Amino acid sequence: MTAPKRSAPLDPYRDVLGLDVTPKRLEADLAAFADILAELRKLRRLDLTAVHPAVVFDPTGAARDGENER
């Protein structure tokens, strides 16, 4: 089964994400989040391979230590 051919390209916001926003609202939203995107790009460029995380989550830690016993 093949999909019907589309004459217009997909709109990722409407067709993929299901968001139906006006072009003016979309422009305002993208401008509002531009600074956040720039900071995320900076963070992704950091080499953190030798940095230990501040918090290590271990969901089995309490059970191993006997803290779940009642």
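Use the structure listed above.
Attention here is on the structure that accompanies the text. Nothing here was measured: the structure is a model prediction, and the numbers come from that model.

As for the overall build of the protein chain
Then, in step 1: Within the protein chain, the secondary structure is distributed over four helices and zero strands.
Then, in step 2: Each helix and strand of the protein chain, ordered N terminal to C terminal, gives the series α-α-α-α.
Then, in step 3: Looking at the 70 residues of the protein chain, the share that counts as buried comes to 1%.
Then, in step 4: Working note: accessible area of the protein chain is about 7200 Å², and carbon and sulfur atoms make up 59% of it.

Overview of the environment of Thr 49
Then, in step 1: Topologically, Thr 49 is positioned in the loop between α3 (34–45) and α4 (61–64).
Then, in step 2: For Thr 49, a relative accessible area of 72% corresponds to the exposed category.
Then, in step 3: Here Asp 47 takes part through its side chain, which lies 3.0 Å from a polar atom of the side chain of Thr 49.

A few points about a nonpolar patch on the surface
Then, in step 1: On the surface, Phe 33, Ile 36, Leu 40, Leu 43, Leu 46, Leu 48 and Val 51 cluster together into a nonpolar patch covering about 690 Å² of accessible area.
Then, in step 2: Note that Ile 36 resides in helix α3.
Then, in step 3: Classification of Ile 36 as partly exposed rests on a relative accessible area of 46%.

Details of the pattern of salt bridges
Then, in step 1: A full pass over the atoms with the stated rule returns four salt bridges.
Then, in step 2: We note a salt bridge from Arg 14 to Asp 11, for which the minimum N-O separation is 3.2 Å.
Then, in step 3: Residue Asp 11 is classed as partly exposed on the basis of its relative accessible area, which comes to 25%.
Then, in step 4: One salt bridge connects Arg 25 with Asp 29, and the closest N-O pair in it is separated by 3.2 Å. Of this pair, Arg 25 and Asp 29 both sit in helix α2 (residues 23–32), four residues apart, which is roughly one turn of the helix.
Then, in step 5: Residues participating in the shared-partner salt-bridge network are Asp 11, Arg 14 and Asp 20.

The rules behind the values
- Residues numbered from 1 in each chain as written.
- Predicted model: local features only at pLDDT ≥ 70, side-chain atom pairs only at ≥ 80, totals over all residues.
- Heavy atoms only, no water.
- Helix = DSSP H or I, 4+ residues; strand = E, 2+ residues; numbered from the N terminus.
- Buried < 20%, exposed > 50% of the residue type's maximum accessible area, 1.4 Å probe, protein only.
- Areas by Shrake-Rupley, 256 points an atom, 1.4 Å probe, with all protein chains shown as cover.
- Polar contact = N/O pair within 3.5 Å; in protein donor to acceptor, adjacent residues only side chain to side chain.
- Patch = residues over 30% accessible without salt bridge, like charges linked within 9 Å, V, L, I, M, F, W, Y side chains within 5 Å.
- Salt bridge = Lys/Arg side-chain N within 4 Å of Asp/Glu carboxyl O.

Scope: geometric values only; no functional claims are made or implied.
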